[in-house]
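Each chain, letter by letter, is given below.
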Amino acid sequence: RMIKKTILVAVVLSFGFNFFAQEIPKTANWYNKGGSGMFTDKATKKVKKMKSETVIVAVIDNGVDIEHEDLKGKIWTNSNEIPGNGIDDDKNGYIDDIHGWNYLGNAKGEHVDDCTLEMTRIVRDWGKKYEGVDENSLNAEEKEEYKIYQTAKGSVEADLAKYNQYLAYFDMLPRIIDAVPGQVEEKLGKKDYTMKDLKKWKTENEQDAQLKGTALSILSGELSMDVVNGQKKQIQDMVDYNLNVEFDERKIIGDNPHDFSDTQYGNNDVEGPSAGHGTHVSGIITANRKNGLGGDGVASNVSIMGLRAVPNGDEADKDVALAIRYAVDNGAQIINMSFGKSYSPHQKEVAAAFEYAASKGVLCIHAAGNDGSNLDEKPNFPTNQYAFQAAPAKLFLTIGASTYNKKDQKGSLAADFSNYSQTKVDVFAPGYQIYSTVPQSEYDTYNGTSMACPAVSGAAAFIKSYFPKLTMAEVQEILLTSAKSYKGKSFKQPGSDEKVDFVTLSVTGSVINLKNAVKAAKTIYKVKGY
């Protein structure tokens, strides 16, 4: 029995669940420093005698805590709207949109939090049309849809089987946690063992090594029933909401997600029920610098426009497209998009929104995604170029995540989880162990291209703020050409142990360097006589 339980611990832990508490970075503000950071602090010194103008950055995300202590004075306010009067004062189609808009709610103040994945919606919405049909009876366009439907259906079924298996193991974990002390006591011959005792234990086989690791986690508090229950809830939510073809979150919202002219929905609560991700992103862009709270934002003179469109699941193409247009129409100069998904049924409408943003000189910045995959082989939407487009979108950047400690990442400069592509990822920026704002005036450490994306949004806002006569096209070009090149240097390719030239992982083969960007901007200003 003891051996079987020990093996079970090894099996469960091998699934890769993050049971352990998030490690605080050695330097909470590393992404603004030198080394493999963005040299923000040095860039700030270079502009300390210069005046800056406020730049509006729209954050399309799961919400923003507009009352966070480290975002004071950083939240966009619609000066053309009178708060709380129930009237669309500025005639922009949104009532009382004081700090932005929430596309995941209704006029009653209700919210959508958990929702389906896009592949689940495809199975649900296309099932009536394609389930059981003879593929040979379909026209060319329908055959393409049919293939997408079949792929989505297979993925949903496979994921459901996998997560239900995980849930079965989670049900066994309480017994495992209860059994570990007795197993360790038998091995060590000591009941009241300490962390020191465990660390001194020289295990002789893999089973004992797993038992030791689990015991250390339990004793340190990193593995507990609270942690297990939290992880189990995440998996249960996947089964109950993300992969549930019977669940329809749009019933709360009340709109038709396939009708892009149906825009009268949502509410003005830009925070919503779970704004951790969007608040973290906002802090990276512009948390107050040098106030002793949390980490420092990249840019100082920024107003965050909150656009809640990303639920616990996949964002809807319609919400994304409308949020982009809202941002453009209401003065945003930069749009941060730290989200993505594997399927996109309304690609032309989203692409049209990006074209609209570019036509108005607005820079859209998107996270590359966290699958450790090549985007040339495995798409992540939205993208800089859809299959139906002859050329990549203008004023659109896709950002990969880089690390602060190459030794810590075992030879990687690109984070192990980051997506990459020599054609679809433009540049890398810090996205590993980033300490920033989360709701209720608290702070936490997150990893992801979701963190690298706002680092670049902050860098773009920084340059635009101090050099306001530059167009966003010029800002984009400056950021790309001034980034620190690692061409000719080999690092691990994300998702594998193979070492490759860093230039093969993105268009530029570089990491954003704000100090160099300031130098380049000053040169352009001097040449143009600004």
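Rules of the game
Residues numbered from 1 in each chain as written. Predicted model: local features only at pLDDT ≥ 70, side-chain atom pairs only at ≥ 80, totals over all residues. Heavy atoms only, no water. Helix = DSSP H or I, 4+ residues; strand = E, 2+ residues; numbered from the N terminus. Rg over C-alpha atoms; globule rule 2.2 N^0.38 Å. Buried < 20%, exposed > 50% of the residue type's maximum accessible area, 1.4 Å probe, protein only. Contact = heavy atoms within 4.5 Å. Areas by Shrake-Rupley, 256 points an atom, 1.4 Å probe, with all protein chains shown as cover. Expected span 1.5 Å × (residues − 1). Arc of directions from axis to C-beta. Core = buried A, V, L, I, M, F, W, Y, C linked by side-chain atoms within 4.5 Å. 1 Å grid on protein atoms, 1.4 Å probe; cavity = no way out; pocket = protein on both sides within 12 Å on 5 of 7 lines; lining within 4 Å. Points joined across faces, edges and corners; volume = space filled by probe spheres on them. Nonpolar A, V, L, I, M, F, W, Y, C, P; charged D, E, K, R; others polar. pLDDT = per-residue confidence, 0-100. Patch = residues over 30% accessible without salt bridge, like charges linked within 9 Å, V, L, I, M, F, W, Y side chains within 5 Å. Salt bridge = Lys/Arg side-chain N within 4 Å of Asp/Glu carboxyl O. Lys, Arg positive; Asp, Glu negative; His and termini not counted. Charge placed at Lys NZ, Arg CZ, Asp CG, Glu CD. Axes fitted to C-alpha atoms, helices over the stretch in contact; angles between N-to-C directions. Parallel < 35°, antiparallel > 145°, perpendicular 65-115°, else oblique. Left-handed = near helix turned anticlockwise from the far one by under 90°. Pairing = 2+ DSSP bridges. Polar contact = N/O pair within 3.5 Å; in protein donor to acceptor, adjacent residues only side chain to side chain.

A. Focus on the overall build of the protein chain. Counting its secondary structure elements, the protein chain contains 14 helices and 13 strands. Its C-alpha atoms give the protein chain a radius of gyration of 24 Å, near enough to 24 Å, the size a compact globule of 530 residues would have. In terms of overall dimensions, the protein chain has a C-alpha envelope of 80 × 60 × 50 Å along the principal axes. A burial count over the protein chain gives 53% of its 530 residues as buried. Here the contacts in the protein chain between residues at least 6 apart in sequence split such that 76% fall between residues at least 24 apart. As presented, the protein chain carries roughly 23500 Å² of accessible surface, and 49% of it is formed by carbon and sulfur atoms.

B. How the structure looks around helix α12 (residues 449-466). The terminal C-alpha atoms of α12, which comprises 18 residues, lie 26 Å apart, in line with the 26 Å expected from a rise of 1.5 Å per residue. With respect to burial, α12 is a largely interior element, 18 of its 18 residues being buried.

C. Quick look at helix α11 (residues 347-359). End to end, α11 covers 18 Å across 13 residues, agreeing with the expected 18 Å (1.5 Å per residue, within 8%). All of the buried residues in α11 are Val350, Ala351, Ala353, Phe354 and Ala357. Each buried residue of α11 sits inside an arc of 155° when the element is viewed along its axis, so together they form one side. Facing away from the buried side of α11, by more than 90 degrees, are the exposed residues Lys348, Glu355 and Ser359. Each element contacted by the buried residues of α11 is listed here: α10 (317-329), β4 (334-337), β5 (363-367) and β6 (396-402). Downstream of α11 by a residue or two, Gly361 has a phi angle that is positive, lying close to 75°.

D. Geometry of the nonpolar core. In terms of nonpolar packing, the biggest core is built from 58 residues, with Ile365, Phe462, Ile463 and Leu479 touching the most fellow members. Per-element accounting of this core gives the leading share, eleven residues, to α12. Those residues within four positions of Ile463 in sequence are excluded, and the remaining contacts are Leu470, Val475, Leu479, Leu514, Ala517, Val518 and Ala521. Core analysis: the next-biggest nonpolar cluster, separate from the first, contains 39 residues, Tyr103, Leu307, Ala323 and Val362 among them.

E. Fine view of empty space enclosed by the protein. Scanning the model with the defined rule gives three cavities of 30 Å³ or more in all. Roughly 50 Å³ of volume is contained in the largest cavity. Here the residues of the lining of the largest cavity sort into seven nonpolar, no polar and six charged.

F. Main features of the confidence of the model for the protein chain. Averaged over every residue, the pLDDT of the protein chain is 92; residues scoring 70 or more account for 94%. A low-confidence stretch, residues 1-24 stays under pLDDT 50, and its non-local contacts, those more than four residues away or across chains, total 51 contacts.

G. View of a positive patch on the surface. Residues Lys42, Lys45, Lys48 and Lys49 make up a contiguous surface patch of positive charge. Mapped onto the elements, Lys45 comes out in helix α2 (residues 40-46). Residue classification places Lys45 among the exposed positions, given a relative accessible area of 61%.

H. Region of the structure containing the packing of helix α4 (residues 140-188) against helix α7 (residues 225-242). At a closest axis distance of 10 Å, the pairing of α4 and α7 adopts a crossing angle of 160°. Between α4 and α7, the interaxial angle falls into the category roughly antiparallel. By crossing handedness, the relation of α4 to α7 is classed as left-handed. Contacts between α4 and α7 pair Leu160, Tyr163, Asn164, Tyr166, Leu167, Phe170, Asp171, Leu173, Pro174 and Ile177 from the former with Met225, Val228, Gln231, Lys232, Ile235, Gln236, Met238 and Val239 from the latter. When the residues that make up the contact of α4 with α7 are grouped by side-chain class, the tally is 13 nonpolar, three polar and two charged.

I. Just the layout of surface pockets, in detail. Empty space within the second largest pocket amounts to approximately 1200 Å³. Forming the walls of the second largest pocket are 44 residues, and the residues nearest its centre are Ile148, Ser344, Pro345, His346 and Gln347. Taken together, the elements giving at least two residues each to the lining of the second largest pocket come down to α3 (118-130), α4 and α10. Broken down by class, the residue content of the lining of the second largest pocket amounts to 15 nonpolar, twelve polar and 17 charged.

J. Spotlight on the pairing of strand β3 (residues 302-308). Burial analysis of β3 places seven of its seven residues in the buried class, which makes it a mostly covered element. Every second residue of β3 is oriented toward a common face, with Val302, Ile304, Gly306 and Arg308 on one face and Ser303, Met305 and Leu307 on the other, all of them buried. Taken together, the seven bridges between strand β1 (residues 55-61) and β3 define a ladder with parallel strand orientation. For Val59, the partnering residue across the bridge sits in β3 and is Gly306.

K. Region of the structure containing the pattern of salt bridges. Under the counting rule described, the total for this entry stands at 21 salt bridges. Lys232 is the salt-bridge partner of Asp171, the closest N and O atoms lying 2.5 Å from each other. Here Asp171, found in helix α4, pairs with Lys232, found in helix α7; they are 61 residues apart in sequence, far enough to count as distant. Lys290 serves as the salt-bridge partner of Asp296, at 3.5 Å between the closest nitrogen and oxygen.

L. Expanded view of the environment of Thr383. Within the secondary structure, Thr383 is located in the loop between β5 and β6. On the basis of relative accessible area, Thr383 is assigned to the buried category, the value being 9%. It is 28 Å that separates the C-alpha atoms of Thr383 and Asn267, two residues lying 116 residues apart in sequence. A polar atom in the side chain of Thr383 sits 3.4 Å from the side chain of Asn384. A polar side-chain atom of Thr383 sits 3.5 Å from a polar atom in the side chain of Lys424.

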